[in-house]
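Residues per chain are reported as follows:
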Number of protein chains: 4
Amino acid sequence: MIKAGIMGATGYAGAEVLRLCANHPEFEVAVITSDSEAGQHIADIYPAFRGVYDELVLEPHATDNLLSCDVVFMGVPHKAGMLHAPRLIDAGVTCIDLSADFRFGVAADYEAAYHVQHAAPELLPRSAFGQPETNRAALEALAARRAAGEAVIVGCAGCYVTASILAATPALAAGFVNPEATIVIDAISGVTGAGRKANARTHYCSADESLEAYGLPLHRHQPEIALSYGRTLSAAGMPVAGDAALRPAPAHVVFTPHLAPLKRGILATAYLPVAAGVEIDDAALHAAYASAYGKSSLVATLPQGVWPKTGSVAGTARAHVNASYNVDERMIVAMAAIDNLGKGAAGQAVQCANIVFGLAEDAGLGGVACAS
Amino acid sequence: MIKAGIMGATGYAGAEVLRLCANHPEFEVAVITSDSEAGQHIADIYPAFRGVYDELVLEPHATDNLLSCDVVFMGVPHKAGMLHAPRLIDAGVTCIDLSADFRFGVAADYEAAYHVQHAAPELLPRSAFGQPETNRAALEALAARRAAGEAVIVGCAGCYVTASILAATPALAAGFVNPEATIVIDAISGVTGAGRKANARTHYCSADESLEAYGLPLHRHQPEIALSYGRTLSAAGMPVAGDAALRPAPAHVVFTPHLAPLKRGILATAYLPVAAGVEIDDAALHAAYASAYGKSSLVATLPQGVWPKTGSVAGTARAHVNASYNVDERMIVAMAAIDNLGKGAAGQAVQCANIVFGLAEDAGLGGVACAS
Amino acid sequence: MIKAGIMGATGYAGAEVLRLCANHPEFEVAVITSDSEAGQHIADIYPAFRGVYDELVLEPHATDNLLSCDVVFMGVPHKAGMLHAPRLIDAGVTCIDLSADFRFGVAADYEAAYHVQHAAPELLPRSAFGQPETNRAALEALAARRAAGEAVIVGCAGCYVTASILAATPALAAGFVNPEATIVIDAISGVTGAGRKANARTHYCSADESLEAYGLPLHRHQPEIALSYGRTLSAAGMPVAGDAALRPAPAHVVFTPHLAPLKRGILATAYLPVAAGVEIDDAALHAAYASAYGKSSLVATLPQGVWPKTGSVAGTARAHVNASYNVDERMIVAMAAIDNLGKGAAGQAVQCANIVFGLAEDAGLGGVACAS
Amino acid sequence: MIKAGIMGATGYAGAEVLRLCANHPEFEVAVITSDSEAGQHIADIYPAFRGVYDELVLEPHATDNLLSCDVVFMGVPHKAGMLHAPRLIDAGVTCIDLSADFRFGVAADYEAAYHVQHAAPELLPRSAFGQPETNRAALEALAARRAAGEAVIVGCAGCYVTASILAATPALAAGFVNPEATIVIDAISGVTGAGRKANARTHYCSADESLEAYGLPLHRHQPEIALSYGRTLSAAGMPVAGDAALRPAPAHVVFTPHLAPLKRGILATAYLPVAAGVEIDDAALHAAYASAYGKSSLVATLPQGVWPKTGSVAGTARAHVNASYNVDERMIVAMAAIDNLGKGAAGQAVQCANIVFGLAEDAGLGGVACAS
């Protein structure tokens, strides 16, 4: 068994990693941490773990027990990831970071998006962006380095970014999209996306039976989406600005997140203007998606005319995608449905860890959503 | 009291008109109809009416009792409105039609959108489009004709169209929007929007805890939105195609509706590309909205930076709107929150009837959403 | 107009009184208070009040502006009611107290239930228990005293107690129930019942898609129910212990509240063992209920075989009741559905105030639940 | 692998068996049937199975392919189980019947409860009641017969009955409960309990934000509960009527089911009057529960004072139980939370099949509820 630690195990993402590890064939959770709830049994905080992790007790983040793990899932907020990672890396522990701190290969990009100096830029060369379906080669390269004895870091993509990337990447990669036009992404999230902290917005009586937008005009995850789209456009040979080979310019993206009354799920709808001269139809568009995800056991392109439902992937690491072509307006409308925790945060972290440890990508992630 | 009839009173929109009339100072419901449930007490179908309308029994649509009403609210599907209206108009009964049949002043526009020949084009000259905040003058003109003894028709705007119009019209009317660019409208609706018919999609266990899109690539309400936007752009002096004075061309619109797990509410988010040469900021944008709705007691422009929540208007005829300017992408992101029945279908019908009968526009519509 | 103040207007119950007063023909809200949020506009806290109470600003509880009101609704927790009431009564202001402090005519009963000494026992003689359907005569007596110039106090029944009383009283009053047997009350509440405070239990992601019980083994509202039942049994001539005429013993009651994922609603199911020698059937039982509530415009006895749904009264001051007789076990199963705020807390407070001010009991309370 | 068939795989219970088998180490689903939807891909009906069972196509119930299975899960309504079982048993196929038809060892008991003659009474001797925690020995006896070559039948307990049994059995078995007194069971269920058929009650807009009771005065599952309780009381040496050794009389039970707005979950609250002369306290009561379920990996007795939440077991085959003693009324209030499909119908069927096939009782049932 591979010995795993989870930092921030009382947060929603950390707790979801813990849940997934309960049925994982290789990862065995030995250490869980929380500074604010250290000393408590996790089953007293989350009764769902009663009968599953009855004996597991939270330790403070500083516990040395993390240093004897093979892998640590870091369910911590941004700015915390880069503070904790060096100690773990020094001890030879591979880090699967759920914070934003290692999502950008370039410190300046991180700093521009999060308005804070990167505290551990020396670790960036041993990191990769954790979105397996669109960055599998980089993760496999990391796996090779880890196998050779190096402690490595995965900067896992967050939930909105994952959904936005899964929705749009096949169209972008196929060269269908106008690189100069503005891409609109309208996303709807369940309330777990707002985190475990109880406040006025997450109160049941505020969120229930209501819909609202938030984070306008510029949500902090917009840059991650724009950079990913820019890379894909550049790789597809579409003329984007910037140093195309190394660091392509971000795409033009307007991103608006919405909150809806459900616990888990993100549905991202991307509106992609088709490039001049490109002639496609629904069949060609669908074929591009089916081909792009053909090797991904956790991403299904739905049949033509069937649109993704988040309920069909809730509680799982799976994603459903599809796209439609509006011929009058020359606009691709592409969608992805994921569970924001099951795939977006925690499930993808386990998926990345699987790759980095040379396991089947979907090991422990075979869960199927409740059909009803 | 003004004697009112409601056709299709067992449908969600018809039942909502009935609910609103229970506290209306002037409209007294004397007749309710349903072909499929004629003979039943409405309180046996909707227990919410127990103690309110205990004696009211459904009659078939063909009942002559409708002919002695002053006004009939027609909660019927499209194609039914234009079949029933002539009989009522002949009897001198003013019609408030919730179907699509009298929303288009021009029969050809209706026929293009709904793929059916208009059955009563001779009545179109005595009709007006029922969206009071943006078409008040036409409804007041109808009121004058009704006062002079003419039976008139209001073709009430539907729920998606109302939300889309309320969200975008102030920006369009202010000349901020590029008339050649594609406007994206991404809307989220509660399940009442799918109607009372029980089917796989409206089953609790399908809709609950899930998000999905539907109606792609071209939802049947897209033409109504595009025509309304086109009229507003034209009136604002923006160069649109078509016969600008009489029948401006529709705007470029991509409209995607989504279904979310709540009963009532539509949140429409409109992405409006700013015209070249126009320089605005958030303050100017907000001022345009506040000014546009300053005289509308039922539409509130929220303070800058506060985004509409459907829960804040649920069960009411009110609307909350606001807009944000994304300066990097030169994109206005505008939003409107309504109750799809309380405002979108039924409440707006009562509001239109109020105007046509010379009452205060908001008579009987003073209900306030549950704050919690 | 009658000048009204609302203490604790930011709590759910206080805000609901404010909502109801927006459409009340006589009560005009002039003052709202909150110590923790004084100085804020109520419309900034509850956007549902935007366009309705745009100018209303919260003052501290100590404001002298309360003293010039005709009536003050006290939406405060228990122990606060009896501290604030004397100042208001001294100023001649009639108090409609939503706290528990004036629900018991006898200080000792209050002290036994709430484990605290009563701070204003001298005011108890000018108070009455605020449950109009079962205590209307006492409230009308208070109205006469108020009309004669005395400031009076109503100690409004809470939500669970109201539902439990409405469900069981007709059977108790008819002499059907064994006064020595234990009555089980199993109640289910929506989340507004847990109050506005954001905490782990009221977090959307805890309450959504889950059911739980709480407050075992002895919920603090059990004594209020048991005392009310005891009084009714005694009045019905059933042999209960205690000083039957003045202060009958409480009935035997086991009360278990549950939390379910909805905002508003309480469904109370009472299991009432039938007294030896009593022979009833469903028709006789139904007749007792219909008769008991025949004069109550806000309480409807449903047809035989139709069971109350909270959704049918949500957002209103109405109640739906019904009962069934299990002949094998000689057990009456009686139910009441209310909105815990619309009737249980705030709506009933307005109803009591209506009676005390000599208005129609249901003035301003004509709202009808959304049929869908 | 053990070759499995699922009859009625499009019903909620059948689909849940299919879901569970996707991660089962031994059961491999080879055949799924539905008469009304034969010929369709299951992934077209339930998109959650996309990427999991892409090739699986529904066959009619009469398919001979069922006859080559080792085990068939029969997700069919009552009366259908006893019609299909003989053909399967003749072919040597072990039947795990989710219908009511083999839950009663005695045909007369079935006939009294379901008002229909038993069609296959000759099969009853090779059947056992499928509630593992309280009938494990009988299921293990069946396993021995199956291992010896006999095709056997499990008549799986339904969801309400399972929750009611789990809540009350430890108290009944400990001799705490008065066998002559009436036991009240008040249960709340999610909407999946009402089945997949779309109708007025299961429409989202009827079930959402509402609570209601149904099935009064005598729900058809009451007899199964009363018989199970009677057997347990008798086994505990409590003096019940009937032929105590072979066929004890049913206990006195009033059972009221309620519907609440969630998809999955049953919370059963049982009110058990304590027998005269029995002296218990909360610690003794808790100890009885902890001891009763100490060997059941899927049932957890929560710590004293912590009450079961259905959300903590949603999507799983787990159950959470606890009990409280109301000393004033000498009443035990006992609760069980289960997922009505995950445990109540489908999960328990898999658990029974595990036992009958000699596997670990919880094989394939290790899923953990989403903590958030």
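Residues numbered from 1 in each chain as written. Chains lettered and ligands numbered in written order. Predicted model: local features only at pLDDT ≥ 70, side-chain atom pairs only at ≥ 80, totals over all residues. Heavy atoms only, no water.

Caption draft 1: Region of the structure containing the overall build of chain A. The number of helices and strands found in chain A is ten helices and 16 strands. Its C-alpha atoms give chain A a radius of gyration of 20 Å, within 12% of the compact-globule value 21 Å for 372 residues. Counting only C-alpha atoms, chain A reaches 60 × 45 × 35 Å along its principal axes. On chain A, roughly 11400 Å² of surface is accessible, and the fraction owed to carbon and sulfur atoms is 52%. (Helix = DSSP H or I, 4+ residues; strand = E, 2+ residues; numbered from the N terminus. Rg over C-alpha atoms; globule rule 2.2 N^0.38 Å. Areas by Shrake-Rupley, 256 points an atom, 1.4 Å probe, with all protein chains shown as cover.)

Caption draft 2: Highlighting the relation of the copies chain B and chain A. When chain B is fitted to chain A, the residual RMSD is 0.0 Å, and the transformation amounts to a turn of 180° plus an axial shift of 0.0 Å. The two molecules are tied by a two-fold rotation axis, judged by turn and shift. When the interface residues of chain B are mapped onto chain A, 100% of them are again interface residues, pointing to one common binding face. (Least-squares fit on C-alpha atoms with pLDDT ≥ 70 in both. Contact = heavy atoms within 4.5 Å.)

Caption draft 3: Main features of the sheet that holds strand 6 (residues 127–130) of chain C. Residue and element names in this part refer to chain C. Here we have seven strands laid out as an open sheet, ordered 3-2-1-4-5-7-6, and parallel in their pairing. The sheet terminates laterally at strand 3 (58–59) and strand 6, the two strands that pair on one side only. Across two bridges, the pairing between strand 2 (residues 27–33) and strand 3 is parallel. Looking across to strand 3, one finds that Thr-33 is bridged to Glu-59. Relative to the sheet, helix 1 (residues 12–21) contacts strand 1 (2–7), strand 2 and strand 4 (71–74), its axis offset from that of strand 2 by approximately 150°. (Pairing = 2+ DSSP bridges. Axes fitted to C-alpha atoms, helices over the stretch in contact; angles between N-to-C directions.)

Caption draft 4: Structural context of the pairing of strand 5 (residues 94–97) of chain A. All names here are of chain A. Here strand 5 shows two buried faces, one formed by Thr-94 and Ile-96 and the other by Cys-95 and Asp-97. Running through helix 3 (residues 81–90), the crossover from strand 4 (residues 71–74) to the neighbouring parallel element strand 5 is right-handed. Across three bridges, the pairing between strand 5 and strand 7 (residues 153–156) is parallel. When the bridges of strand 7 are listed, Ile-96 appears paired with Val-154. (Buried < 20%, exposed > 50% of the residue type's maximum accessible area, 1.4 Å probe, protein only. Right-handed = clockwise from strand over helix to strand, strands pointing away.)

Caption draft 5: Empty space enclosed by the protein, seen in detail. Scanning the model with the defined rule gives seven cavities of 30 Å³ or more in all. Looking at the largest cavity, its volume works out to about 70 Å³. Lining of the largest cavity is provided by 14 residues; of these, Asp-208 of chain A, Asp-208 of chain B, Asp-208 of chain C together with Tyr-204 and Asp-208 of chain D occupy positions nearest its centre. When its residues are assigned to classes, the lining of the largest cavity shows eight nonpolar, no polar and six charged. (1 Å grid on protein atoms, 1.4 Å probe; cavity = no way out; pocket = protein on both sides within 12 Å on 5 of 7 lines; lining within 4 Å. Points joined across faces, edges and corners; volume = space filled by probe spheres on them. Nonpolar A, V, L, I, M, F, W, Y, C, P; charged D, E, K, R; others polar.)

Caption draft 6: The interface of chain B and chain A, seen in detail. Taken together, the contacts link 42 residues of chain B with 42 residues of chain A. Here chain B meets chain A over a buried area of about 3700 Å², counting both sides, of which 59% is carbon and sulfur. For the pair chain B and chain A, the number of links is zero salt bridges. In this structure, the connection of chain B to chain A is made through 18 residue pairs in polar contact (both at pLDDT 80 or more). Listed by contribution, the elements that provide at least two residues to the side of chain B that touches chain A are strand 8 (183–189), helix 7 (204–207), strand 9 (212–213), strand 12 (253–259), strand 13 (266–273), strand 15 (319–326) and strand 16 (331–338) of chain B. (Buried area = accessible area lost by both parts, 1.4 Å probe. Salt bridge = Lys/Arg side-chain N within 4 Å of Asp/Glu carboxyl O. Polar contact = N/O pair within 3.5 Å; in protein donor to acceptor, adjacent residues only side chain to side chain.)

Caption draft 7: Spotlight on the interface of chain B and chain D. Between chain B and chain D, the contact holds 19 residues from the first and 19 residues from the second. Of the roughly 1400 Å² buried between chain B and chain D on both sides combined, carbon and sulfur atoms contribute 66%. If you tally residues by element for the side of chain B that touches chain D, the top one is helix 7 of chain B, at three residues. Grouping the amino acids of the side of chain B that touches chain D by side-chain chemistry returns nine nonpolar, five polar and five charged.

Caption draft 8: The arrangement of the side chain of Thr-94 of chain B in detail. Residue and element names in this part refer to chain B. Mapped onto the elements, Thr-94 comes out in strand 5 (residues 94–97). Residue Thr-94 is classed as buried on the basis of its relative accessible area, which comes to 2%. If near-sequence neighbours (up to four positions away) are discounted, Thr-94 is found in contact with Asp-70, Val-71, Val-72, Arg-146, Glu-150, Ala-151, Val-152, Val-356 and Phe-357.

Caption draft 9: Layout of the side chain of His-221 of chain C. Tracing the backbone through its elements, the reader meets His-221 of chain C in the loop between strand 9 (212–213) and helix 8 (222–235). Ignoring sequence-local partners within four residues, the contact set of His-221 of chain C consists of Arg-103, Tyr-114, Tyr-160 and Val-161 of chain C.

Caption draft 10: Here's a closer look at the packing of helix 6 (residues 159–173) of chain D against helix 10 (residues 340–356) of chain D. All names here are of chain D. At a closest axis distance of 9 Å, the pairing of helix 6 and helix 10 adopts a crossing angle of 105°. One way to sum up the angle between helix 6 and helix 10 is to call them roughly perpendicular. Residues Cys-159, Thr-162 and Leu-166 of helix 6 lie in contact with helix 10, whose contacting residues are Asn-340, Lys-343, Gly-344 and Gln-348. Its residues placed into classes, the contact of helix 6 with helix 10 shows two nonpolar, four polar and one charged. (Parallel < 35°, antiparallel > 145°, perpendicular 65-115°, else oblique.)

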